[in-house]
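Geometric and topological summary
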Amino acid sequence: MTDVFADPDPVPCEPDIDENGVDLAQIREMLDLTPADRLLVIQNLADSIADIRALNESRPVR
Amino acid sequence: MNRARYAEVLRRLAANDVEFIVVGMMAGVLRGAPLLTADLDLVHRRSADNVSRLLQVLAGLDAIYRHDPRRLRPRESHLMSPGHQLLATTHGDLDCLGTVGEGQTYEDLLDRAPQLNLGEGMSVRVIDLPTLIELKEKAGRPKDLAALPVLRATLSETLKRL
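Residues numbered from 1 in each chain as written. Chains lettered and ligands numbered in written order. Predicted model: local features only at pLDDT ≥ 70, side-chain atom pairs only at ≥ 80, totals over all residues. Heavy atoms only, no water.

Quick look at the environment of Met30(A) now. Assignment of secondary structure puts Met30(A) in helix 1 (residues 24-32). Measuring from C-alpha to C-alpha, the distance between Met30(A) and Ala54(A) comes to 28 Å, with 24 residues separating the pair along the chain. When near neighbours in sequence (up to four residues on either side) are disregarded, Met30(A) contacts Arg38(A), Val41(A), Val29(B), Gly32(B), Ala33(B) and Pro34(B). (Helix = DSSP H or I, 4+ residues; strand = E, 2+ residues; numbered from the N terminus. Contact = heavy atoms within 4.5 Å.)

Rendered as structure tokens:
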């Protein structure tokens, strides 16, 4: 581990991105999950989008 | 649009012994691709018994054709056809596909759709990543092509873990 006190100007790690700009860390996180957990991830995302849509629909038009 | 309840739709299909394969972006997600999708696509076996079981589940989900203002409900003849039935249900959008790609049926895809355990004793067939990539390449629509880099990278990372 880098001692940040010994190196006051540490260089951040390179992001784990492939040549097409795909975030490989995100893929590895998904692969670490069980299929049931992946289903939960997409469900939570869908719920968040539905919540945002509902909030936008309830905003008065100016 | 009703809120999507993916697990509940899959649970009802599985509980009613409907023979189907999850395809599309949802298959990619279940196989580990960090993608977003708004619907559930499946290819069903087009036998009379299976279509009857599927119709029963669709009735319970109050399924109607989502692009038709007449609120038409799917019927046996629709689900026996090779076409795509794009439905809205009380649990989100559900596409029942008679065939995909170049006329590939449930039976054609069976060997390339191993079962995945989705918890609570539920196992469903989900198309494998190489076949999904093949289907997306052939479909060639902008939304399919946009997902390809993520699907290919997911396949590559999956193979490293074998």
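What follows is about the confidence of the model for chain B. With 99% of its residues at a pLDDT of 70 or more, chain B has an overall mean of 96. For this predicted complex, the interface score ipTM comes out at 0.93, alongside a pTM of 0.91. (pLDDT = per-residue confidence, 0-100.)

Residue and element names in this part refer to chain B. Counting buried residues along strand 2 (residues 39-44), 6 of its 6 residues qualify, which places the element largely inside the surrounding structure. Alternating residues of strand 2 divide into Asp39, Asp41 and Val43 and Leu40, Leu42 and His44, and every residue in both groups is buried. Strand direction decides the pairing type here: strand 1 (residues 20-23) and strand 2, joined by 4 bridges, are antiparallel. Bridge pairing links Ile21 to Val43 in strand 2. Direction of pairing for strand 2 relative to strand 5 (residues 92-97): parallel, over a ladder of 5 bridges. Opposite Asp41, over in strand 5, you have Asp95 as the bridge partner. (Buried < 20%, exposed > 50% of the residue type's maximum accessible area, 1.4 Å probe, protein only. Pairing = 2+ DSSP bridges.)

As a further point, take helix 2 (residues 35-57) of chain A. Because each turn of an α-helix spans 3.6 residues, side chains separated by three or four positions end up pointing in the same direction. For helix 2 of chain A, which comprises 23 residues, the first-to-last C-alpha distance of 33 Å matches the rise-based estimate of 33 Å (1.5 Å per residue) to within 8%. For helix 2 of chain A, the complete set of buried residues consists of Pro35(A), Arg38(A), Leu39(A), Ile42(A), Gln43(A), Ala46(A), Asp47(A) and Ala50(A). On its buried side, helix 2 of chain A packs onto helix 1 of chain A together with helix 1 (6-15), helix 2 (24-30) and strand 6 (115-117) of chain B. (Expected span 1.5 Å × (residues − 1).)

Residue and element names in this part refer to chain B. The two faces of strand 1 match: Phe20 and Val22 on one face and Ile21 and Val23 on the other face are all buried. Strand direction decides the pairing type here: strand 1 and strand 7 (residues 123-126), joined by 2 bridges, are parallel. Across the sheet, the residue bridging to Ile21 is Arg125, located in strand 7.

On to the interface of chain B and chain A, then. On the chain A side, the residues contacting the 28 residues of chain B number 23 residues. Where chain B packs against chain A, one counts 4 salt bridges. Here Asp32(A) ties to Arg161(B) by a salt bridge, and the two come within 2.9 Å at their closest N and O atoms. Across the chain B-chain A interface, the total number found is 8 residue pairs in polar contact (both at pLDDT 80 or more). Elements supplying a minimum of two residues to the side of chain B that touches chain A: helix 1, helix 2, strand 6 and helix 7 (142-160) of chain B. The leading source of residues in the side of chain B that touches chain A is helix 7 of chain B, at 6 residues. In terms of residue class, the side of chain B that touches chain A is made up of 17 nonpolar, 6 polar and 5 charged. (Salt bridge = Lys/Arg side-chain N within 4 Å of Asp/Glu carboxyl O. Polar contact = N/O pair within 3.5 Å; in protein donor to acceptor, adjacent residues only side chain to side chain. Nonpolar A, V, L, I, M, F, W, Y, C, P; charged D, E, K, R; others polar.)

Looking now at the pattern of salt bridges. All names here are of chain B. Enumeration according to the criterion identifies 22 salt bridges over all chains in this entry. A salt bridge links Asp68 to Arg70; the nearest nitrogen and oxygen atoms lie 2.7 Å apart. The class for Asp68 is buried, based on a relative accessible area of 18%. For Arg70, a relative accessible area of 60% corresponds to the exposed category.

Our focus in this paragraph is a nonpolar patch on the surface. Residues Val41(A), Leu45(A), Ile49(A) and Leu36(B) make up a contiguous nonpolar surface patch of roughly 280 Å² in combined accessible area. Note that Leu36(B) resides in the loop between helix 2 and strand 2. Exposure remark for Leu36(B): the relative accessible area of 46% places this residue in the partly exposed category. (Patch = residues over 30% accessible without salt bridge, like charges linked within 9 Å, V, L, I, M, F, W, Y side chains within 5 Å. Areas by Shrake-Rupley, 256 points an atom, 1.4 Å probe, with all protein chains shown as cover.)

Further remarks concern the sheet that holds strand 4 (residues 84-89) of chain B. Reading across from one edge, 3-4-5-2-1-7-6 (chain B) is the order of the 7 strands in this open sheet, with mixed pairing throughout. Both edges of this open sheet fall to strand 3 (64-65) and strand 6 of chain B, since each of them pairs with a single strand only.

Here we take up the packing of helix 2 of chain A against helix 1 of chain B. With their axes 9 Å apart at the nearest point, helix 2 of chain A and helix 1 of chain B run at an angle of 130° to one another. In terms of orientation, helix 2 of chain A and helix 1 of chain B fall into the oblique class. Facing helix 2 of chain A, whose interface residues are Leu39(A), Ile42(A), Gln43(A) and Ala46(A), helix 1 of chain B presents Tyr6(B), Ala7(B) and Leu10(B). (Axes fitted to C-alpha atoms, helices over the stretch in contact; angles between N-to-C directions. Parallel < 35°, antiparallel > 145°, perpendicular 65-115°, else oblique.)

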